[in-house]
Amino acid sequence: MRGRSDGGQKKRLITSVCVVAVFLVFLYAYFGSKGNGESALEYGSRSLRKLGSSYLGGDEDAGLGGKHDESGSTFGLQEGEDGIIPKSFPVCDDRHSELIPCLDRHLIYQMRLKLDLALMEHYERHCPPAERRYNCLIPPPAGYKVPIKWPRSRDEVWRANIPHTHLAHEKSDQNWMVVKGEKIVFPGGGTHFHYGADKYIASIANMLNFSKNVINNEGRLRTVLDVGCGVASFGGYLLSSDVIAMSLAPNDVHQNQIQFALERGIPAYLGVLGTKRLPYPSRSFELAHCSRCRIDWLQRDGILLLELDRLLRPGGYFAYSSPEAYAQDEEDLRIWREMSTLVERMCWKIAAKRNQTVIWVKPLTNDCYMEREPGTQPPLCRSDDDPDAVWGVQMEACITPYTEHDHRSRGSGLAPWPARLTSPPPRLADFGYSNEMFEKDTELWRKRVDKYLNLLSPKITSDTLRNIMDMKANFGSFGAALKEKDVWVMNVVSEDGPNTLKIIFDRGLIGAIHNWCEAFSTYPRTYDLLHAWTVFSDIDKKGCSAEDLLLEMDRVLRPTGFIIIHDKQPVIEFVKKHLPALHWEAVATEDSSSDSEQDGDEIVLVIQKKLWLTSESIRDSE
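Only a predicted model underlies this, so the values are computations on that prediction, with no experimental measurement involved. The residue count restarts for each chain, going from 1 along the sequence in the order it is written. Only residues with pLDDT of 70 or above have their local features reported here, since the model is predicted, and side-chain atom pairs are shown and tallied only from 80 upward, although totals for entire chains, interfaces and linings are computed over all residues. Based on all heavy atoms of the structure, the side-chain values leave hydrogens and waters out of the count.

## Remarks on the overall build of the protein chain
Working step 1: Only DSSP runs of H or I reaching four residues or more are called helices, and only runs of E reaching two or more are called strands; each is numbered from the N terminus. The number of helices and strands found in the protein chain is 17 helices and 17 strands.
Working step 2: Counting every position in the protein chain, which comprises 622 residues, the buried fraction comes to 57%.
Working step 3: Whether two residues touch is decided by their heavy atoms; if any such pair falls within 4.5 Å, the residues are in contact. Within the protein chain, contacts between residues at least 6 apart in sequence are counted, and of these 71% link residues at least 24 apart.
Working step 4: Shrake-Rupley sampling with a 1.4 Å probe provides the accessible areas, and residues are treated as covered by the protein chains on show and by no other component. In the form shown here, the protein chain has an accessible surface area of approximately 26500 Å², with 52% of it arising from carbon and sulfur atoms. For the exposure calls, accessible area comes from a 1.4 Å probe over protein chains only, and a residue counts as buried if that area is under 20% of its type's maximum, exposed if over 50%, partly exposed in between.

## Points about the packing of aromatic side chains
Working step 1: Any pair of Phe, Tyr and Trp rings, taking the six-membered ring for Trp, is counted once the centres come within 6.5 Å. Such a pair is stacked with planes under 30 degrees apart, edge-to-face with planes over 60 apart, and tilted for the rest. Scanning the model with the defined rule gives 24 aromatic pairs in all.
Working step 2: Ring centres of Phe285 and Phe505 lie 5.1 Å apart, and the angle between their planes is 65°; this geometry places the pair in the edge-to-face category. Of the two residues, Phe285 is situated in strand E7 (residues 285-291) and Phe505 in helix H14 (residues 501-506); the sequence distance between them amounts to 220 residues.
Working step 3: Given the relative accessible area of 1%, Phe285 is considered buried.
Working step 4: Between Trp488 and Tyr527, the ring centres sit 5.8 Å apart and the planes meet at 55°, which makes this aromatic pair tilted. Linking Trp488 in strand E12 (residues 488-494) with Tyr527 in strand E14 (residues 527-533), this pair joins segments that are 39 residues apart in sequence.

## Re the pairing of strand E13 (residues 510-514)
Working step 1: Summarising burial for E13: 5 of the 5 residues are buried, a large majority.
Working step 2: Burial along E13 is two-sided: the face carrying Ile510, Ala512 and His514 and the face carrying Gly511 and Ile513 are both buried.
Working step 3: By convention, a crossover is right-handed whenever its connection, traced from the first strand over the helix to the second and viewed with the strands pointing away, goes clockwise. On the question of chirality, the crossover connecting E12 to the parallel E13 by way of H14 is right-handed.

## Looking at the state of the cysteines
Working step 1: Two cysteine sulfurs form a disulfide in these notes if their separation is within 2.5 Å. One pass over the full model with this rule turns up 6 disulfides.
Working step 2: Sulfur-sulfur distance for the disulfide between Cys347 and Cys368 comes to 2.1 Å. Taking the sign of the S-S torsion, about -80° here, the bridge from Cys347 to Cys368 comes out left-handed. Separated by 21 residues along the polypeptide, Cys347 in the loop between helix H9 (330-345) and strand E9 (349-354) and Cys368 in helix H10 (residues 367-371) bring together distant segments of the chain.
Working step 3: By sequence order of its bonded cysteines, the protein chain has the disulfide arrangement 1-4, 2-3, 5-6, 7-8, 9-10, 11-12.

## Notes on the nonpolar core
Working step 1: Residue types Ala, Val, Leu, Ile, Met, Phe, Trp, Tyr and Cys, when buried and joined through side-chain atoms within 4.5 Å, form a set referred to as a nonpolar core. Ranked by internal contacts, the top residues of the largest apolar core, which has 103 residues, are Tyr280, Trp297 and Phe318.
Working step 2: The leading source of residues in this core is helix H17 (residues 569-582), at 7 residues.
Working step 3: In this structure, Trp297 is in contact with Leu273, Cys290, Gly302, Leu304, Leu305, Leu308, Phe318, Tyr320, Met339 and Leu342, ignoring residues within four places of it in sequence.
Working step 4: Grouped together as the second largest cluster of nonpolar side chains are 21 residues, Ala197, Met207, Leu238 and Val243 included.

## Some points on the sheet that holds strand E3 (residues 183-185)
Working step 1: For two strands to be treated as a pair, DSSP must find no fewer than two bridges joining them. In spatial order, the strands read E1-E3-E2; together these 3 strands make up an open sheet with antiparallel pairing. Because the sheet does not close on itself, it has two edges, and the strands there are strand E1 (156-158) and strand E2 (178-180). Ignoring which end each strand starts from, the neighbouring axes of this sheet average 30° apart. All axes here are fitted lines through C-alpha atoms, helices being fitted over the stretch that makes contact, and every angle between N-to-C directions spans 0 to 180 degrees.

## Some remarks on the sheet that holds strand E6 (residues 268-270)
Working step 1: Strand order in the open sheet made by the 7 strands is E6-E5-E4-E7-E8-E10-E9, with mixed pairing throughout. Pairing within the sheet leaves two strands with one partner each, and these edge strands are E6 and E9. Pairwise comparison of adjacent strand axes, ignoring direction, gives a mean angle of 20° for this sheet.
Working step 2: In terms of strand pairing, strand E4 (residues 223-227) meets strand E5 (residues 244-249) through 5 bridges, oriented parallel. Of the residues in E5, the one forming a bridge with Asp226 is Ser247.
Working step 3: The strands touched by helix H5 (residues 197-207) within the sheet are E7, strand E8 (312-321), E9 and strand E10 (357-361), with E9 carrying the most contacts at an inclination of about 130°.

Quick look at the structure:
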């Protein structure tokens, strides 16, 4: 008995020692690896957890973050010092195939954010804290196909790419969209223009007595803000008149309208007139448009209408098509009277009114503002208010007066399109830049874009690219160099640098302010080409994760799309190490020896995103 008992004790002791040893090895592997700076990305099973993994942030608690540590730059580490490079990134659950991290309604519900729904705060940007960020590749929906090429895409897209047909049924009487087999077709209709956006646009031009009923007014009208744009047919049909619209809508009950717009190849942005300024500088648009956009313009002392006023150029128009403009019932008449009184105090005048549409025009000078009775509401903005400060800035219920230059010039002083693209705009002086510097920058980027296109030439044809993003646009000269191509460019300007976005709008281009430490306000798979000139070097200085930026770029890039990274040698080597894990492929590289204007150690790396498959996503491709 005693012998058996001793043997059993020995077996139990050995078993216990083995269990403890295994447990200690697990702890060492789990916590030790974190201590060495490894990212959760590198371990598939652990990374598949949706909480506690990094997505678009800087350092996080207890080793859950990316590569950044207290030692400094991600790109300054020697070989072997930066931890293990992931062989693969985990794939997000299929339910996240349309994830927009900073516009995620589920996140708002989970975090129980106290937001004022009446003020549309739940449709504004609310980025996830570190412990709720995602750290995985966004899968495409089942059956995803390479998008239809422009210009055919304006009128039809693959149904599988945006498998949401509720708008087709909900708006069936308004010609928004129609489901036809494998495709969704866009007849060009809208809530107010059932018979086609082209006819509606011509009627607006006719109301304003523009030459030959062409909306561009011989090049004087170029940039448009379409608020509550639906599927952006208005903006899509403006393009043939050399007019470019920023089609704006929130991620609301019609949640896929901006996704449809971008899939069609029409410029669009997810945003809302809520409590914060839109991410555009003052005096950016010649025309603002609202066609039954369901916005209460009278709320909070007219603050939303005053935001449009901030964005309109001197002499800019607001075209408003809504029942209040023509209906005769008591409530609509009340709204019309109050709105008319408000815009009169704002010094707007009716330029034209016909049937269901009214068009107001903004004054050319400050004269009317100065002539108002003391105490008239809304007041003029404070002299220390910067109308171009927009990132996270609250709206103000005040009128933004013109600068002395605009007041004297009786307008913005911009050349007609297309001359304005290459003409130094007056606001260049705000930055202390000379016309010669502007012209030199334009020529420099013309040469660089030629080289980019040469590097891309084995992989692209004339219709390969449509939606392009310049992630650090500066003066917009990259986009300007693409004028003769059938593309449009979202020009992004950093929130903490010189606000050159107003120069970009003055050139007749469009864009937005953004911080690349956060996710961009767009759907996954919406851009064909991303251009990142020293973007990684910039976010590294901010202490943000370069790995997270790679994941965000993958999120917004379409399968088979391209990335041009123009940065220093260590950045290029860092990105190259991550190519296999991201399912990216290096297409071409070029050093700086042929470019006398760039730093000697800058490299150009051209990458293509592969069309990768999962068991639950892509079933077919074009």
